[in-house]
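# Close look at the chain arrangement
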Amino acid sequence: KGRKSVGVLGGGAWGTAIADLIGRNVAKHKHLFHEEVLFYVRDESLRLIIEKTRQNIRYLSAIKLPLNVRPVSSLSDAVSKSDVLIFVIPHQYLQDLCYAINDSISTRNPIGISLSKGLHIDSAGNLELNSQIIHRMLGIPVGVLSGANIAIEVAQRQYSEATLVNPLTNDKNCEELFRCLFECNLFRVSFCNDGPTVEMCGALKNIVAIGCGLVDGLGYGMNTKAAALSCGVREMIRFVEVFHPKYELSTFFQNCGIGDIIASSFGGRNRKVSEALIKSSKSIEMLEKQLLRGQKLQGPQTAHVVYQLLQNKQLLNEFPFFSAIHRICNRTMDPKDLIQAIKSSP
Ligand code: 13P
């Protein structure tokens, strides 16, 4: 009960675009939210610049953040004062972040929502999703927002959509709260109850986007790319069948599925870096520094996790496209063999 305070955790491109969207939305829904949004930016020099100029000059300089978005460097401040916690950091840092904020979780029963895209393996060797990590480590309910959301396009207010998983299933008040938090006339959200599939789509499409970038780098045209893309979608569905048998096929046709697959395979960073991987001898880490100003990709790590999970289940043979992408990323397979992998995918 009462007005909610919102904290956005993560000062990358997507964190900044979301802080901008939420800053404007809380100002419109004053009966639901406190007007100030706490925006946690880890790097203090960047935080100071954002505070002074309202611009995230490193990752998303095209927009100026509204004045009610307050960049803060104290994670415990951001967390202890928030009723809604938005997790929007590269998934590989999520466990460290949860560990760091464990003691700051307030007694106001906060609700979390994960905007990160990636997969993990737990200590028993099983698949673990971002929302499950947050829930396990912090004991709070966690929802998901995932869609075709290239940060700069959302920031420029080009029409976009996303799929939202309510942290409190079937709680209409909570649904309304999250709709008001994210939706505006140029950003439509649709609710979906099939949370694990929404989250797996967001992670797996990054592998497909790498495959499409490799096809681009190899110099092939649209037919080959379409073959890679459809093969990738089939492997995504098969993967979800294995790890979440209660999935609903219709989830793949939501924005979090086919929408995000298309946006990422044509316009994402994973696509861009994997094209460059073919054309240079540099490692992915070097290309991230060179092409993305140090932003971290999610695809290569996700491809590695998927490879390990499939290996554990002795299913690599049924996923030749996913397997090949991992092996091309770690340079144990010749990229030219990608075509054979696509051909042999069931
Ligand atoms: P990239 O990380 O490949 O840029 O993907 C962005 C994205 O998730 C768009 O929805």
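You'll find the structure just up there.
Fair warning: this is a prediction, and the values are worked out from it, not measured in the lab.

### Notes on the nonpolar core
- With 51 residues, the main nonpolar core has Leu119, Met200, Leu204, Phe239, Phe322, Ile325 and Leu338 as its most contacted residues.
- For this core, the elements supplying multiple residues, two or more each, are strand S7 (127-129), helix H8 (195-218), helix H9 (222-243), helix H11 (269-279), helix H12 (284-292), helix H13 (299-312), helix H14 (320-329) and helix H15 (338-344).
- Here this core takes 10 residues from H8, the largest share from any one element.
- In contact with Phe239, not counting residues within four places along its chain, are Leu119, Leu127, Met200, Leu204, Val306, Leu309, Leu310, Phe319 and Phe322.
- Judged by nonpolar contacts, the second largest core, of 41 residues, contains Val37, Leu60, Ala151 and Cys174.

### A closer look at the pattern of salt bridges
- Inspection of every chain in the model, using the stated rule, returns 18 salt bridges.
- A salt bridge links Asp216 to Lys225, with the shortest nitrogen-to-oxygen separation between them at 2.9 Å. Neither Asp216 nor Lys225 differs from the other in exposure class; each is buried.
- One salt bridge in this structure joins Glu275 and Lys279, with 3.2 Å as the shortest N-O distance. Here Lys279 and Glu275 lie together in helix H11, a separation of four residues that amounts to about one turn.
- Looking at Glu275, the relative accessible area reads 19%, which means it is buried.
- Residue class for Lys279 comes out exposed when judged on its relative accessible area of 58%.
- Residues joined in a network through salt bridges with shared partners are Asp216, Lys225, Arg271, Glu275 and Lys279.

### Focus on unusual backbone geometry
- In the Ramachandran plot, Arg157 falls in the positive-phi region, its phi being about 60° despite a non-glycine side chain.
- Position of Arg157 among the secondary structure elements: in the loop between helix H6 (151-155) and strand S9 (160-165).
- Since its relative accessible area comes to 41%, Arg157 is described here as partly exposed.
- One non-glycine residue, Arg331, lies in the positive phi region at around 60°.
- By secondary structure assignment, the location of Arg331 is in the loop between H14 and H15.

### Description of the packing of aromatic side chains
- Under the criterion given, the structure shown has five aromatic pairs.
- A centroid spacing of 6.5 Å and a plane angle of 85° characterise the contact between Phe239 and Phe319, whose relative ring orientation is edge-to-face. Highlighted residues: Phe239 in helix H9 and Phe319 in the loop between H13 and H14, separated in sequence by 80 residues.
- Here Phe239 falls in the buried class, since its relative accessible area comes to 0%.
- Taken together, a centroid distance of 6.2 Å and an interplanar angle of 20° make the contact between Phe319 and Phe322 stacked. Here Phe319 and Phe322 have matching classes, each one buried.

### Details of the site of the ligand
- Around the ligand, the neighbouring residues are Lys117, Gly147, Ala148, Asn149, Ile150, Lys205, Asp260, Ser264, Gly268, Arg269 and Asn270.
- Taking Asp260, its side chain carries an N or O atom lying 2.7 Å from an oxygen atom of the ligand.
- A distance of 2.7 Å separates an oxygen atom of the ligand from a polar side-chain atom of Asn270.
- Considering the ligand on its own, with 310 Å² of exposed area, one finds that the protein chains cover 93% of that surface.
- For the shell around the ligand, the secondary structure elements donating two or more residues are helix H10 (255-267) and H11.
- Taken together, the residues of the shell around the ligand sort by class into two nonpolar, five polar and four charged.

### As for the side chain of Asp194
- As for its position among the elements, Asp194 is in the loop between strand S10 (187-191) and H8.
- Engagement of the side chain of Asp194 in a polar contact is seen with the backbone nitrogen of Glu248, the distance being 3.0 Å.
- Within the structure, the side chain of Asp194 is placed 2.7 Å from the side chain of Thr251, a separation counted as a polar contact.
- Those residues in contact with Asp194 that sit more than four places away from it in its chain are His244, Tyr247, Glu248 and Thr251.

### Some details on a nonpolar patch on the surface
- Among the surface-exposed residues, Met222, Ile258, Ile262 and Phe266 lie close enough to one another that they form a single nonpolar patch of about 380 Å² accessible area.
- With three residues, the single largest contributor to the nonpolar patch is H10.
- Along the chain, Ile258 turns up in helix H10.
- The class for Ile258 is partly exposed, based on a relative accessible area of 32%.

The rules behind these values
- Residues numbered from 1 in each chain as written.
- Predicted model: local features only at pLDDT ≥ 70, side-chain atom pairs only at ≥ 80, totals over all residues.
- Heavy atoms only, no water.
- Core = buried A, V, L, I, M, F, W, Y, C linked by side-chain atoms within 4.5 Å.
- Buried < 20%, exposed > 50% of the residue type's maximum accessible area, 1.4 Å probe, protein only.
- Helix = DSSP H or I, 4+ residues; strand = E, 2+ residues; numbered from the N terminus.
- Contact = heavy atoms within 4.5 Å.
- Salt bridge = Lys/Arg side-chain N within 4 Å of Asp/Glu carboxyl O.
- Phe/Tyr/Trp six-rings, centres within 6.5 Å; stacked < 30°, edge-to-face > 60°.
- Near = heavy atom within 4 Å.
- Polar contact = N/O pair within 3.5 Å; in protein donor to acceptor, adjacent residues only side chain to side chain.
- Areas by Shrake-Rupley, 256 points an atom, 1.4 Å probe, with all protein chains shown as cover.
- Nonpolar A, V, L, I, M, F, W, Y, C, P; charged D, E, K, R; others polar.
- Patch = residues over 30% accessible without salt bridge, like charges linked within 9 Å, V, L, I, M, F, W, Y side chains within 5 Å.

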